[in-house]
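Examining the three-dimensional arrangement
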Amino acid sequence: MKLRDIAHSRTGDKGNTSNVSVIAYDPSDYELLCAYVTTDRVKQLFDGIVNGEVTRYELPGIGALNFVMTEALGGGVTRSLAIDAHGKSLSSALLNMDLPDDLRSGSYE
Amino acid sequence: MRTIRIGAGAGYSGDRIEPAVELAEKGKLDYLVFECLAERTIALAQAARLKDPSAGFDPLLEARMKAVLPACRANGVRIVTNMGAANPVSAARATTAIARQLGLRGLKIAAVTGDDVLGDLKNSDRHLDIGCTVEGLGNRIASANAYLGGASIAQALRDGADVVITGRAADPSLFLGPLIHEFDWAMDDWPLLGRGILVGHLLECAGQVTGGYFADPGYKDVKDLARLGFPIGEVREDGDLIVTKVAGSGGRVTAATVKEQLLYEIHDPARYFQPDVVADFSRVQVEEIGEDRVHVIGASGTPKTGELKVSVGYIDSYVGEGQISYAGPGAHERGRLAIEIVRERLALSGVETSELRSDLIGSNALHGENLSLGCQPYEVRVRVIGRTETLAEARRIGEEVETLYTNGPAGGGGAWKSAREVVAVASTLIPEADVRTAVQYFEA
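Residues numbered from 1 in each chain as written. Chains lettered and ligands numbered in written order. Predicted model: local features only at pLDDT ≥ 70, side-chain atom pairs only at ≥ 80, totals over all residues. Heavy atoms only, no water.

**Section: the overall build of chain B**
Stated formally: Helix numbers and strand numbers start at the N terminus; a helix is a DSSP run of H or I with at least 4 residues, a strand a run of E with at least 2. Computation of the radius of gyration draws on C-alpha atoms, with the globule rule given as 2.2 Å multiplied by the number of residues to the power 0.38. Only protein chains enter the area calculation, which uses a 1.4 Å probe; residues under 20% of their type maximum are buried, those over 50% are exposed, and those in between are partly exposed. When checking whether two residues touch, look at their non-hydrogen atoms; a contact exists if any pair is within 4.5 Å. Where accessible areas are quoted, they stem from the Shrake-Rupley method and a 1.4 Å probe; at the residue level, only the protein chains shown are allowed to cover.
Across its full length, chain B carries 12 helices and 18 strands. Against the globule reference of 22 Å for 444 residues, chain B gives a C-alpha radius of gyration of 24 Å, in line with a compact fold. Across the 444 residues that make up chain B, the buried fraction comes to 56%. Within chain B, counting contacts between residues at least 6 apart in sequence, those at least 24 apart form 77% of the total. A total of about 18,100 Å² of accessible surface is found on chain B, and carbon and sulfur atoms cover 49% of it.

**Some details on the overall build of chain A**
When helices and strands are counted, chain A shows 3 helices and 5 strands. Compactness check: chain A gives a C-alpha radius of gyration of 14 Å against a globular reference of 13 Å for 109 residues, within 12% of the reference. Along the longest, intermediate and shortest principal axes, the C-alpha atoms of chain A span 45 × 25 × 20 Å. Scored against the burial criterion, the 109 residues of chain A give a buried share of 56%. A separation threshold of at least 6 residues defines the contact pool for chain A, and within that pool the share at least 24 residues apart is 59%.

**So, the sheet that holds strand 10 (residues 278-280) of chain B**
Residues and elements named next belong to chain B. Keep this limit in mind: When DSSP finds two or more bridges between two strands, those strands count as paired. Under this scheme, a helix contributes an axis fitted over its contacting stretch, all axes are lines through C-alpha atoms, and angles between N-to-C directions fall in the 0 to 180 degree range.
Reading across from one edge, 9-10-13 is the order of the 3 strands in this open sheet, with antiparallel pairing throughout. Looking at which strands have only one partner, the edges of the open sheet turn out to be strand 9 (272-273) and strand 13 (300-302). Inspection of the sheet shows strand 9 paired to strand 10 by 2 bridges, in the antiparallel sense. Residue pairing for strand 10: Tyr-272 is matched across the bridge by Ala-279. Most of the contacts of helix 8 (residues 190-203) go to strand 13, to which it runs at about 120 degrees, and overall it touches strand 9, strand 10 and strand 13.

**Quick word on the domain arrangement of chain B**
In plain terms, the rule: Where each domain starts and ends comes from a domain assignment, either automatic or drawn from a database.
If you check the domain split of chain B, you get domain 1 (3-119 + 144-307 + 428-443) and domain 2 (314-427). For domain 1 of chain B and domain 2 of chain B, the distance between their C-alpha centroids amounts to 39 Å.

**Some thoughts on the nonpolar core**
Basically, it comes down to this: Among buried residues, the Ala, Val, Leu, Ile, Met, Phe, Trp, Tyr and Cys ones that are joined through side-chain atoms within 4.5 Å form a nonpolar core.
Membership of the largest hydrophobic core comes to 113 residues, with the highest contact counts inside it found for Leu-32, Phe-34, Met-65, Leu-69, Phe-281 and Val-296 of chain B. Counting residues per element, this core draws most heavily on helix 8 of chain B, at 8 residues. Formed jointly, this core draws a minimum of three residues from each of two domains, domain 1 (3-119 + 144-307 + 428-443) and domain 2 (314-427) of chain B. In this structure, Leu-69 of chain B is in contact with Ile-79, Thr-95, Ile-98, Ala-99, Leu-102, Leu-104, Leu-107 and Val-163 of chain B, ignoring residues within four places of it in sequence. The next biggest cluster of nonpolar side chains, apart from the first, holds 31 residues, and it includes Tyr-30, Leu-33, Phe-46 and Leu-90 of chain A.

**Comments concerning the packing of helix 8 of chain B against helix 9 (residues 255-262) of chain B**
Residues and elements named next belong to chain B. Let me state the cut-off plainly: Angle categories: roughly parallel below 35 degrees, roughly antiparallel above 145, roughly perpendicular from 65 to 115, and oblique for all the rest. Residues are grouped as follows: nonpolar covers Ala, Val, Leu, Ile, Met, Phe, Trp, Tyr, Cys and Pro; charged covers Asp, Glu, Lys and Arg; every other residue, Gly included, is treated as polar.
For the pair helix 8 and helix 9, the least separation of the axes is 9 Å and the interaxial angle reads 105 degrees. Judged by the angle between their axes, helix 8 and helix 9 are roughly perpendicular. Contact residues: Leu-198, His-201 and Leu-202 in helix 8; Val-258, Gln-261 and Leu-262 in helix 9. Looking at the contact of helix 8 with helix 9 residue by residue, the class counts come to 4 nonpolar, 2 polar and no charged.

**A word on the interface of chain A and chain B**
Worth spelling out the cut-off: Summed over both partners, the accessible area lost on bringing two parts together, with a 1.4 Å probe, is the buried area. Here, a salt bridge means any Lys or Arg side-chain nitrogen found within 4 Å of an Asp or Glu carboxyl oxygen. Side-chain atoms alone can form a polar contact between residues adjacent in sequence; in general such a contact is a pair of N or O atoms within 3.5 Å, and within protein one must be able to donate a hydrogen while the other accepts it.
At the interface, 38 residues of chain A touch 47 residues of chain B. Approximately 3,800 Å² of surface area, both sides summed, lies buried where chain A meets chain B, with 55% of it carried by carbon and sulfur atoms. It is Arg-10, Thr-78 and Leu-81 of chain A that lose the most area in chain A upon contact with chain B, and together they represent 24% of the buried surface on that side. For Arg-79 of chain A, the salt bridge is made with Asp-316 of chain B, and the minimal N-O distance between the two is 2.9 Å. Applying the counting criterion to the chain A and chain B interface returns 24 residue pairs in polar contact (both at pLDDT 80 or more). Counting only elements with at least two residues in the side of chain A that touches chain B, the list comes to strand 2 (11-14), strand 3 (17-24), strand 4 (54-59), strand 5 (64-69) and helix 3 (90-95) of chain A. Here the residues of the side of chain A that touches chain B sort into 15 nonpolar, 14 polar and 9 charged.

**With respect to the packing of aromatic side chains**
Each aromatic ring pair is specified by the distance between its two centres and by the angle formed by the two planes. What counts is decided by this rule: Pairing of aromatic side chains requires ring centres within 6.5 Å, counting the rings of Phe and Tyr and the six-membered ring of Trp. Pairs whose planes differ by under 30 degrees are stacked, by over 60 edge-to-face, and all others tilted. As a reminder, the over-ring test applies to NZ of lysine and CZ of arginine, requiring each to be within 6 Å of the ring centre and within 35 degrees of the ring normal.
Per the counting criterion, the structure on display carries 3 aromatic pairs over all chains. Both rings, one in Tyr-213 of chain B and one in Tyr-264 of chain B, keep their centres 6.1 Å apart while their planes meet at 85 degrees; by these two values the pair is edge-to-face. Residue Tyr-213 of chain B is found in the loop between helix 8 and strand 7 (231-236), and its partner Tyr-264 of chain B is found in the loop between helix 9 and strand 9; the two are separated by 51 residues along the sequence. Accessibility expressed as a relative area gives 33% for Tyr-213 of chain B, which makes it partly exposed. Relative to Phe-281 of chain B, the ring of Tyr-272 of chain B lies with its centre 5.5 Å away and its plane at 50 degrees, an arrangement referred to as tilted. Of the two residues examined, Tyr-272 of chain B and Phe-281 of chain B, each falls in the buried class. Looking at Lys-88 of chain A, its charged tip hangs above the ring of Tyr-213 of chain B, at a distance of 4.9 Å from the centre.

**Re the pattern of salt bridges**
Applying the stated criterion across every chain, the model contains 28 salt bridges over all chains. In this structure, the salt-bridge partner of Lys-2 of chain A is Asp-98 of chain A, at a minimum N-O distance of 2.9 Å. Placement of Lys-2 of chain A in the segment before strand 1 (7-8) and of Asp-98 of chain A in the segment after helix 3 is noted, with a sequence separation of 96 residues between them. Residue Lys-2 of chain A is classed as partly exposed on the basis of its relative accessible area, which comes to 28%. With its nearest N and O atoms 2.8 Å apart, the salt bridge here joins Asp-224 of chain B to Arg-227 of chain B. A residue is classified by how much of its surface remains accessible, and Asp-224 of chain B, at 38% relative accessible area, is partly exposed. Arg-227 of chain B gets classed as partly exposed once you look at its relative accessible area, which sits at 43%. Salt bridges here are not isolated pairs; linked through shared partners, they connect Arg-79 of chain A together with Asp-316, Glu-355 and Arg-387 of chain B.

Laid out in structure tokens, this is it:
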């Protein structure tokens, strides 16, 4: 199972900081997102792309998480040498995250 | 309780124009807002103004105004926009001339100024977020503009302006201004101002809340993106918001489209710093109450910081780039060889780069090696790009890619090169009291 099966996402940019939201299609999956899509897993996924900190903000009211990643845009949108200077496609990379198939039974670590 | 209808007619400077015309004609709007100023735009506009004192406003201002002014006048829709960029006064003059050509006599146009703080800031020792002071940029500085709040926009509307043109203002301020004016909101009613910021935040990117930047076939389907309708906010006096769009237009407004936009470019949702308030979106809730109608509640706010963000444009460096394609069996390997050759050539010929990046487009260009492993494409496009101190050196990078035609791996095709100056943006904060805004009026 992929994160894409239970959540959608959008990337935003400010300077050299990228934020990527993860929003549960079904609000009842929010707790699963909280348990599995951790700061450490996101940091690991974006190893080599994000050079700064990853902070997670929780929004239970809309069943969403917001990951804020510093030093993530090659020095900032206005000076980045990357083909996607805004990092708009980072949301698609995050949704490609593998989830355990037994996610809902909660037997993963 | 009174409700007003605000439409968003543009989410960036190059945005589609027809959806704005559709809103002006069929949106039953009170206000139409155009947000057209990206981080760097104003620095480029400032350079244009230096060459021609009457230039420096949005290049599409005239096309947009010609397209929407007649319907706005006929339907009593007032316009607020930051298309003034580096020259709101000239933008207002140009709009006045267009209104006259269109026979819209008596139309009142306001220009909000004061965001340009370059003169005051140029020699200051204020620290920028790039690790030097403003003064340290020397003659590389191109512009310095403070993000204005909604008060001057509200003032212009109170004085009867039909069109309000600003330079740099915080994007949500363009929506907050009309709300402050219409509902007489107190400038220290933080929860109410926070709700107003949410209205602006959800609407300011136009199509991004009505199904644009959203579609993912099979997962998130959106109909008729070629005819995407732009959003309308129905805002009640107490800040209650319904997001909707013109019936029959393309796209959709759902809880999901609103949630994605709610978090777009947000860091801590409980502390979204704005000139007039620190908005709190952390307890927002959204509910679908009809087709393309989403009710949004729960935003709040805390006192403003008293400081304004200033974005400083400066000449950062030069960038040179070259691209070339390889296809068929071994395309990947030939692409890698091409990159090695270019890197060696740049070293051999003494081109100094502070940063040099190479990508295989179609293979690893977007997210690097880690996330691209194990996928072998039929074709790759080599891209080598580097940062230099001079334009001459930047040109050398693309030239070295081009010479791969006759000196590189077999079958390289479609070489392309470019070199450009990089105007980048840094930021700092200044006390709000240091910024003196003013409003000038013109009549068609």
